[in-house]
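Report on the structure
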Amino acid sequence: MDVNGTVAEGFEPVREAFVRNFEVLGDRGAAVAVYRDGRRVVDLWAGTKDVDGTADSAPWERGTAQIVRSATKGVAAAALLLLHQRGLLDLDAPVGEYWPEFKAVGKERVLVRHVLSHRAGLPVLDRPLTPEEALAPLRGAEAVARQALVWEPGTDHGYHALTYGWLLGELVRRVTGRGVGDWIAEEIAGPVGADLWVGLPAAEAGRVGRAGRVEAPGNAGGLRSRPKRSVAEAYDDPASLTRRAFAAITPFPDQNDPAYRAAALPATNGIATAEGLARFYASLIGEVDGGPRLFTPRTLAAARAEESAGPDRVLVINTRFGLGYMLHGSASPLLDAGSFGHPGRGGSLGFADPESGIAFGYVTNGFSKTVTADPRAQALVRALRASF
């Protein structure tokens, strides 16, 4: 495997693990980047731009970007936290204070905090959206506003796989008057110089590779290729919260469709380079190349303070969430106890670890069956842990 890029002295184990991901774990095209204390120490890429590429296909280049699925949620969460940091949004206010239509069918007690911590009680839609409806700018928010609660908000938690994006995106629109994709581009990605988008501009479309399913050999970790029976049954049961949460758009759009990539779905369709994802997380915890630090110490503490922990009513495993971020734990192991970030179903991962100054980004064009802990990302995290 011809691996391109550089690693700083001491971080050679990450390169070794990256090579092994291609040789053993089924990667086709991927990149990984790591910052430490605002300095890039790992920047690697390899394989082909398209998952179904042959030997003569276009190679993955340093600027190649890829859809990162639910790793988008970590970027989108920063939008609400920054609005709170600027005094424009109260995390303990009812969502209906900013979005009056949302109060329908008993949702008056849903707080902004509940949205970020997957405690809102709205992981499903009784009537799933079609792909065409999901890509329309306001239809998802309108559907969530009509939806009744599954549980009393704040009393339990369950992963809001798709509805999270409509909840968060509409709050951004109501508070700022701007679409969430535009707000992220102008207030986050632009100022910190990160190549990431929620709503891919036409001018950047040529940088994005074609994604698809790959079969990773062996034990996949996290929600494994051979999940325990209760998890498998939940995904197979059309009436389960698990199946319904992931089916809030039915059928799910083609993730290679330019129309899907151009839409702004802040739960699922962010597109980033590995370097852009790592740079974003580095900017949450410190300055990068003289750019702004996004989170104040107080906001950073809030982002990674545990809000939800234990059995997840949707994922049917134990999960831990802060405000918008998964926290280090058995469902999604990160670098250490204080790490916070978000995986993307099937592979991608971004996180920061303030204590060590580490920020990490991994993107791939090959999606495995994993949900929260892909073996390729986990191999890189273990190698990173061994590097210092």
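Residues numbered from 1 in each chain as written. Predicted model: local features only at pLDDT ≥ 70, side-chain atom pairs only at ≥ 80, totals over all residues. Heavy atoms only, no water.

1. Remarks on the overall build of the protein chain
Definition in use: Helix and strand assignments come from DSSP, with helices taken as H or I runs of at least 4 residues and strands as E runs of at least 2, each series counted from the N terminus. The globule rule is 2.2 Å times the number of residues to the power 0.38, and the radius of gyration it is compared with is taken over C-alpha atoms. Burial classes follow relative accessibility: with a 1.4 Å probe on protein chains only, a residue under 20% of its type's maximum area counts as buried, one over 50% as exposed, and anything between as partly exposed. In what follows, residue pairs with any heavy atoms lying within 4.5 Å of each other are defined as contacts. In short, Shrake-Rupley with a 1.4 Å probe defines the accessible areas, and a residue's cover is counted only from the protein chains shown.
Broken down by element type, the protein chain carries 14 helices and 14 strands. The C-alpha atoms of the protein chain give a radius of gyration of 19 Å, which matches the 21 Å a tight globule of 388 residues would have. When burial is assessed residue by residue, the protein chain has 59% of its 388 residues classed as buried. The long-range share in the protein chain, meaning contacts at least 24 apart out of those at least 6 apart in sequence, stands at 69%. Entry remark: accessible area of the protein chain is about 14500 Å², with carbon and sulfur atoms responsible for 49%.

2. Quick word on the packing of helix α2 (residues 72-85) against helix α7 (residues 163-176)
Using the following cut-off: Angles here are taken between N-to-C directions and fall from 0 to 180 degrees, while the axes themselves are lines fitted to C-alpha atoms, restricted in helices to the stretch in contact. Crossing handedness is read from the near helix: turned anticlockwise from the far helix by less than a right angle, it gives a left-handed crossing, and turned clockwise, a right-handed one.
Following both chains from N to C, one finds α2 and α7 inclined at 35 degrees, their axes separated by 10 Å at the closest point. Considering only the axes of α2 and α7, their crossing is left-handed. Contacts between α2 and α7 involve Lys73, Ala76, Ala77, Ala79, Leu80 and Leu83 from the first element and Tyr164, Leu168, Leu171, Val172, Val175 and Thr176 from the second.

3. Let's talk about the pattern of salt bridges
The following threshold applies: Each salt bridge in this description consists of a side-chain nitrogen of Lys or Arg and a carboxyl oxygen of Asp or Glu lying within 4 Å of one another.
Under the defined criterion, the tally for this structure stands at 26 salt bridges. Ionic pairing is found between Arg244 and Asp126, a salt bridge with its closest N-O pair at 2.9 Å. Here Arg244, found in helix α10 (residues 241-246), pairs with Asp126, found in the loop between α4 (112-116) and α5 (131-135); they are 118 residues apart in sequence, far enough to count as distant. Judged by its relative accessible area of 26%, Arg244 falls in the partly exposed class. Two residues, Arg279 and Asp289, come together in a salt bridge whose shortest N-O distance is 3.1 Å.

4. With respect to the packing of aromatic side chains
Stated precisely, the cut-off is as follows: Between the rings of Phe, Tyr and Trp (Trp by its six-membered ring), a pair exists once the centres lie within 6.5 Å; its type follows the angle of the planes, with under 30 degrees stacked, over 60 edge-to-face, and the other angles tilted. Two conditions define a charge sitting above a ring: the NZ of Lys or the CZ of Arg must be within 6 Å of the ring centre, and it must be within 35 degrees of the ring normal.
A full pass over the atoms with the stated rule returns twelve aromatic pairs. Judged by centre distance (4.8 Å) and plane angle (70 degrees), the ring pair of Phe280 and Tyr281 falls under edge-to-face. Seen from their ring centres, Tyr325 and Phe340 are 5.1 Å apart, and the 90 degrees between their planes marks the pair as edge-to-face. With Tyr325 in the loop between β9 (318-321) and β10 (326-327) and Phe340 in strand β11 (residues 340-343), this residue pair connects regions lying 15 residues apart in the sequence. In this pair, the class of Tyr325 matches that of Phe340, namely buried. Here a set of aromatic residues connected by ring pairs shows up, and it is made of Tyr159, Tyr235, Phe246 and Phe321. Lying over the aromatic face of Phe388, Arg36 brings its terminal NZ or CZ to 4.4 Å of the ring centre.

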